[in-house]
Amino acid sequence: AQSVTQLDSHVSVSEGTPVLLRCNYSSSYSPSLFWYVQHPNKGLQLLLKYTSAATLVKGINGFEAEFKKSETSFHLTKPSAHMSDAAEYFCVVSDLTGGTSYGKLTFGQGTILTVHP
Amino acid sequence: AAGVIQSPRHLIKEKRETATLKCYPIPRHDTVYWYQQGPGQDPQFLISFYEKMQSDKGSIPDRFSAQQFSDYHSELNMSSLELGDSALYFCASSITLAGYGDTQYFGPGTRLTVL
């Protein structure tokens, strides 16, 4: 069974400072990992995805994440936070087992990012 | 670029009523997924369809049913609504290649309120 643990339910940073949102995963197979962002009362937008190519993945809006198999982690980072980054972020895993699974997603509990002026 | 379309965006129903949510996937996407996000919770997988056949099933109540039509749009039918069904319902679509679902793109969601 696959699972995702987001280590912080809330993260607060000042504008212009680095962002780190932590995620650990558990998967029986080679996983695909994603980060999605959800702004208040909005849908889920894909930030980036890892699918066993490069371990450092670059996404939209300056975000990137590094897949570390030895640590079963997929932390999301951004060098400099912007006010518009304030939202809820979900780390998501998909087991591409095929056959019985067409890639249903398992979400982490979410991390709410607050950005202070 | 075309996105996933969901209708209606907001729906208010009374207990024990029925509701139908619709999802129109991105053109050429053959797989549709439904998720339920309760207040303050992460989205939970309900059910998915590939090429009009149910491909996977999650924690979907027996009161709910869904199907995918020949034009690939999908409908989630919910009967005997309960207060606990109040949630944001997301539809996502993807292309499935050789049995593997690719990246899922989400619609804006339908907010269902049961009174």
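Preceding this paragraph is the structure being described.
Residues numbered from 1 in each chain as written. Chains lettered and ligands numbered in written order. Predicted model: local features only at pLDDT ≥ 70, side-chain atom pairs only at ≥ 80, totals over all residues. Heavy atoms only, no water.

Participant: Please clarify how the layout of surface pockets should be interpreted in this entry.
Facilitator: Any space left empty among the atoms is revealed by the rolling of a water-sized probe across them. Looking at the largest pocket, its volume works out to about 410 Å³. Around the largest pocket, the lining is made up of 23 residues, and of these Gln38 and Glu88 of chain A together with Gln37, Gly40 and Gln41 of chain B lie nearest the centre. Secondary structure elements with two or more residues in the lining of the largest pocket: strand E10 (87-95) of chain A together with strand E9 (87-94) and strand E13 (110-114) of chain B. Of the residues assigned to the lining of the largest pocket, the class counts are seven nonpolar, 13 polar and three charged. Computed from the structure, the second largest pocket encloses a volume of approximately 230 Å³. Looking at the second largest pocket, it is lined by 15 residues, and the ones nearest its centre are Gly43, Leu44, Gln45 and Leu46 of chain A together with Phe106 of chain B. For the lining of the second largest pocket, the secondary structure elements donating two or more residues are strand E6 (44-50) of chain A together with strand E12 (105-106) of chain B. The dominant element in the lining of the second largest pocket, judged by the number of residues it contributes, is E6 of chain A, at three residues. (1 Å grid on protein atoms, 1.4 Å probe; cavity = no way out; pocket = protein on both sides within 12 Å on 5 of 7 lines; lining within 4 Å. Points joined across faces, edges and corners; volume = space filled by probe spheres on them. Helix = DSSP H or I, 4+ residues; strand = E, 2+ residues; numbered from the N terminus. Nonpolar A, V, L, I, M, F, W, Y, C, P; charged D, E, K, R; others polar.)

Participant: What am I meant to see in the pattern of salt bridges here?
Facilitator: Two side chains carrying opposite charge are able to pair once their charged atoms lie near each other. Applying the stated criterion across every chain yields a total of seven salt bridges over all chains. Salt-bridge contacts for Lys78 of chain A lead to Asp85 of chain A; the nearest nitrogen and oxygen are separated by 2.8 Å. Just as Lys78 of chain A is buried, Asp85 of chain A falls in that class too. For Lys22 of chain B, the salt bridge identified is with Glu75 of chain B, shortest N-O distance 4.0 Å. Of this pair, Lys22 of chain B sits in strand E3 (residues 19-24) while Glu75 of chain B is found in strand E8 (residues 74-78), placing the two residues 53 residues apart along the sequence. When salt bridges that share partners are traced, they join Arg63, Glu82 and Asp85 of chain B into one network. (Salt bridge = Lys/Arg side-chain N within 4 Å of Asp/Glu carboxyl O. Buried < 20%, exposed > 50% of the residue type's maximum accessible area, 1.4 Å probe, protein only.)

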